[in-house]
Amino acid sequence: MIDRFGRPIEDLRVTLTHTCNFSCFFCHMEGEDNAQGLLTPQEISLVAKVGMEYGIKSVKLTGGEPTLRRDLIEIIRELKMVGIREISMTTNGVLLRSLAWKLKEAGLDRVNISLHSLDKNLFKEITGVDALDKVIEGIKEALKAGLRPLKLNFVVTKKNITQLEKIIEFSREIGVDELHLIELHPVGLGRNVFSYHEKLESIEKILREKAEKVEIRNKHFRPRYYIGNLVIEVIKPYANPIFCAGCNRIRLTVDGKLKTCLYRQDKEIDIIDILRGNYSEDKKNELLREAYEIAIAIREPNFKFKVEPYATS
Ligand code: SAM
């Protein structure tokens, strides 16, 4: 099923918790309020299962820090059981050394691990925690466990842009599959620190010159630069109608809302009463289908027209 703008929904991004063991200075909190109340593994998998009727094929688990959910293994198993084709997770990686193999065994296919600096002090300044070594161990263990393609997420800011070359070198050295360069979004804390925003155009110019091959991914029309054994993907959502035109994502918030866009809190459908209501299985499925249909009907690109890039107002 496609929305009014011809865009399918194929990917469900699920916020498992707002609790985090890091405090990144730019955290966008997935565009959500700091809401209470967690969905159970069964509630999450039911939403995913009904979503499959509308085109959902993959689920990305996020947070907060998703590895802090004690029932993470059960969540992954439930999603696998309902037939989700690809389950991935975005994590800060700090607990991966002990968790990687268990997650793989439960059915997690791959991970994105956030790494914004290879300098210990700067890492602490950005994340609030002195944990660079543990994160590196986590990345290495995830590679060994086969959580691949393994992707590193690097949010580009004025604070850490000098780290970029080192991160590329490190990624190639240890055999990371992809490096994602993410533009800072003015969402959540990102709104308060948008003065750290760094344009990605000049980085892309260098990547274009170095790349043996450039591809444009269907998802968000993200450009992908192939340089040796590494793919560098550039994620540039701010003020970018092209990005929105290729959006195939719908979100499930921590407190049970179908959220149609990272940037929008007015385009959400609350489904908690459906999930927790005293309905028969058939009725619950029917109500969830209706909720998806409304969400798809109201879904719209946040940036519809070419706008002045990087205007902050
Ligand atoms: N705690 C996990 C982590 O660190 O990956 C998952 C949650 S985090 C909100 C998900 C991804 O969003 C991470 O890669 C993070 O770096 C990125 N992110 C957070 N705030 C952002 C912002 N303001 N702009 C761009 N990306 C951001």
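Remember, predicted model here, so these are calculated numbers, not experimental data. (Residues numbered from 1 in each chain as written. Predicted model: local features only at pLDDT ≥ 70, side-chain atom pairs only at ≥ 80, totals over all residues. Heavy atoms only, no water.)

Thoughts on the sheet that holds strand β10 (residues 249-252)
Inference 1: Strand order across the open sheet formed by 12 strands is β7-β8-β9-β6-β5-β4-β3-β2-β1-β10-β11-β12, with mixed pairing between neighbours. Strands at the two margins of the open sheet, each flanked by one partner only, are β7 (213-216) and β12 (268-270). Along the sheet, successive strands turn relative to each other by an average axial angle of 20°, direction set aside.
Inference 2: Inspection of the sheet shows strand β4 (residues 110-114) paired to strand β5 (residues 151-156) by 3 bridges, in the parallel sense. Directly across from Asn 112, in β5, lies its bridge partner Lys 151.
Inference 3: This element, helix α2 (residues 72-81), spans β2 (58-62) and β3 (86-91) of the sheet and lies at about 170° to β2. (Pairing = 2+ DSSP bridges. Helix = DSSP H or I, 4+ residues; strand = E, 2+ residues; numbered from the N terminus. Axes fitted to C-alpha atoms, helices over the stretch in contact; angles between N-to-C directions. Contact = heavy atoms within 4.5 Å.)

Considerations on the environment of Val 155
Inference 1: Structurally, Val 155 is set in strand β5.
Inference 2: The sequence separation of Val 155 and Leu 115 amounts to 40 residues, and the corresponding C-alpha distance is 8.1 Å.
Inference 3: In this view, Val 155 contacts Phe 26, His 116, Asn 160, Ile 182 and Leu 184; residues no more than four positions away in its chain are not counted.

A closer look at the site of the ligand
Inference 1: What surrounds the ligand is a group of 21 residues, the closest being Phe 26, His 28, Gly 64, Ser 114 and His 185.
Inference 2: Between an oxygen atom of the ligand and a side-chain N or O atom of Asn 153, the distance comes to 2.9 Å.
Inference 3: Between the ligand and His 185 there is a distance of 2.8 Å, counted from a nitrogen atom to a backbone nitrogen or oxygen.
Inference 4: Summarising the interface, the protein chains cover 95% of the accessible area of the ligand, which totals 540 Å² for the free molecule.
Inference 5: Contributing elements (two or more residues each) for the shell around the ligand: β3, β5 and β6 (178-183). (Near = heavy atom within 4 Å. Polar contact = N/O pair within 3.5 Å; in protein donor to acceptor, adjacent residues only side chain to side chain. Areas by Shrake-Rupley, 256 points an atom, 1.4 Å probe, with all protein chains shown as cover.)

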